[in-house]
Amino acid sequence: MIREATRLTLEQRGYTVRTAADGVTGLALFRERHPDVAVLDIMLPGLNGVSLAGRIREESGVPVLLISARNDPVDVVMGLEAGADDYVTKPFDGPVLVARIRALLRHAAPPEQPAQNPRLRFGDLVFCPESLTVERDGKPLTLTTTELRLLSEFAAAPGMVLSRDLLLERVWDYAWSGDTRVVDVHVQRLRSKIGRDRIETVRGFGYKLRP
């Protein structure tokens, strides 16, 4: 019932939707259709949403949105660590889901105007906002769209403390109070790729990029 209601909600707003009743079928459908965004329920039979998010992330950088029950915080964190970009909790309103999907799609689109500074260097880390490429010790790094947006915010203000609420607003377009666990998990994922000591935690405030 939730799957069909979600499909109808999205189709009414102009999206083309393909659905699957289990994770194995969903993975096959993903590989066949190459969608612009994947919406996964955590409690999928066969291959659950967390595992499916990880399989998708191994093959593609497409935005992944998880749907979870409110009493599953551990599963949500596991899903984000597996590669999901965002999540909504059940029960959810259709407009909220649509807003989250629109934000993910907007962020996945290439920037309309290149940044004025083509290359930003932070020690052995080099970030090019124009081409959205990152190198560490001269070796290219593979970052997801969300990780790139997060790095862009830090790189634009090196040494400045960015609060979790500010990052939620700028990276995820949350106009309402969001769950800061999303920020924490993605910062940890970003640290694992660019260096754990690169982004400093300022307890009680947020994070900053070491200049």
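All values reported here derive from a predicted model rather than from experimental measurement. (Residues numbered from 1 in each chain as written. Predicted model: local features only at pLDDT ≥ 70, side-chain atom pairs only at ≥ 80, totals over all residues. Heavy atoms only, no water.)

> Help me out: how do you make sense of the sheet that holds strand 6 (residues 133–136) in this one?
Within a sheet, neighbouring strands are paired by backbone hydrogen bonds and run either parallel or antiparallel to one another. Reading across from one edge, 4-5-6-7 is the order of the four strands in this open sheet, with antiparallel pairing throughout. Whereas interior strands pair on both sides, the edge strands pair on one side only; in this sheet they are strand 4 (120–122) and strand 7 (139–141). The mean angle between the axes of side-by-side strands here comes to 25°, regardless of whether they run parallel or antiparallel. Here three bridges tie strand 6 to strand 7, and the two strands are oriented antiparallel to one another. By the bridge assignment for strand 7, E135 is matched with P140. (Pairing = 2+ DSSP bridges. Helix = DSSP H or I, 4+ residues; strand = E, 2+ residues; numbered from the N terminus. Axes fitted to C-alpha atoms, helices over the stretch in contact; angles between N-to-C directions.)

> What's the story with helix 1 (residues 2–12) in this structure? I'm lost.
Note that an α-helix has 3.6 residues per turn; residues three or four places apart therefore point the same way. Of all the positions in helix 1, only T6, T9 and L10 are classed as buried. Summarising the axial view, the buried residues of helix 1 lie within an arc of 90°, below the 170-degree limit, and thus occupy one face. Turning to helix 1, the residues buried within the fold contact helix 5 (94–108). One or two residues past the end of helix 1 sits G14, with phi positive at roughly 95°. (Buried < 20%, exposed > 50% of the residue type's maximum accessible area, 1.4 Å probe, protein only. Arc of directions from axis to C-beta. Contact = heavy atoms within 4.5 Å.)

> Looking at this structure, I do not really get the pattern of salt bridges. What am I missing?
Taken as a whole and assessed by the stated rule, the structure comprises 15 salt bridges. Between E4 and R7 there is a salt bridge, and its shortest N-O distance comes to 2.8 Å. You can see E4 and its partner R7 sitting in helix 1, three residues apart, about one turn around the helix. Note on R7: relative accessible area 22%, which makes it partly exposed. Between R170 and E153 there is a salt bridge, with the nearest N and O atoms lying 3.3 Å from each other. Here R170 is found in helix 7 (residues 164–171), whereas its partner E153 is found in helix 6 (residues 145–156), with 17 residues between them in sequence. The exposure class of R170 is partly exposed, given its relative accessible area of 39%. (Salt bridge = Lys/Arg side-chain N within 4 Å of Asp/Glu carboxyl O.)

> Can you help me understand the environment of T144 in this one?
The topology assignment puts T144 in the loop between strand 7 and helix 6. Judged by its relative accessible area of 6%, T144 falls in the buried class. Each C-alpha atom of the pair T144 and A5 lies 29 Å from the other, and the pair is 139 residues apart in sequence. Residues in contact with T144, not counting those within four places in the same chain, are R57, D85, R189 and K193.

> Looking at this structure, I do not really get helix 4 (residues 73–82). What am I missing?
Of the residues making up helix 4, those classed as buried are V76, G79 and L80. For helix 4, the angular spread of buried residues about the axis comes to 95°, placing them on one side. Facing away from the buried side of helix 4, by more than 90 degrees, are the exposed residues V74 and E81. Once helix 4 finishes, G83 follows within two positions and takes phi at roughly 130°, a positive value.

> Sorry if this is basic, but what is going on with the packing of helix 6 against helix 8 (residues 181–194) here?
When two helices pack together, their arrangement is given by the angle between the helix axes and the distance between those axes. Taken N-terminus to C-terminus, the directions of helix 6 and helix 8 make an angle of 85°; their axes are 10 Å apart at the nearest point. With respect to helix 8, the axis of helix 6 lies roughly perpendicular. Counting all contacts with helix 6, which are made through T146, E147, L150, L151 and F154, the residues of helix 8 involved are H186, V187, R189, L190, K193 and I194. A breakdown of the residues in the contact of helix 6 with helix 8 according to their chemical character gives six nonpolar, two polar and three charged. (Parallel < 35°, antiparallel > 145°, perpendicular 65-115°, else oblique. Nonpolar A, V, L, I, M, F, W, Y, C, P; charged D, E, K, R; others polar.)

> What exactly am I supposed to notice about the side chain of H107 here?
By the element assignment, H107 lies in helix 5. H107 gets classed as buried once you look at its relative accessible area, which sits at 12%. Among the polar contacts made by the side chain of H107, one reaches the side chain of D173 at a distance of 3.4 Å. Once residues within four sequence positions are removed from consideration, H107 is found in contact with T145, R149, R170, V171, W172 and D173. (Polar contact = N/O pair within 3.5 Å; in protein donor to acceptor, adjacent residues only side chain to side chain.)

> For this particular structure, what's the right way to read the nonpolar core?
A general trend in soluble globular proteins is that nonpolar side chains are found buried together. Counting residues in hydrophobic clusters, the biggest one holds 44 residues, and the most contacted among them are L40, I56, L150, F154, W172, L190 and I199. Per-element tally for this core: the top contributor is helix 8, with six residues. Excluding anything up to four places from it in sequence, F154 contacts L162, L167, V187, L190, I199, Y207, K208 and L209. The next biggest cluster of nonpolar side chains, apart from the first, holds 10 residues, and it includes L10, V17, V37 and V98. (Core = buried A, V, L, I, M, F, W, Y, C linked by side-chain atoms within 4.5 Å.)

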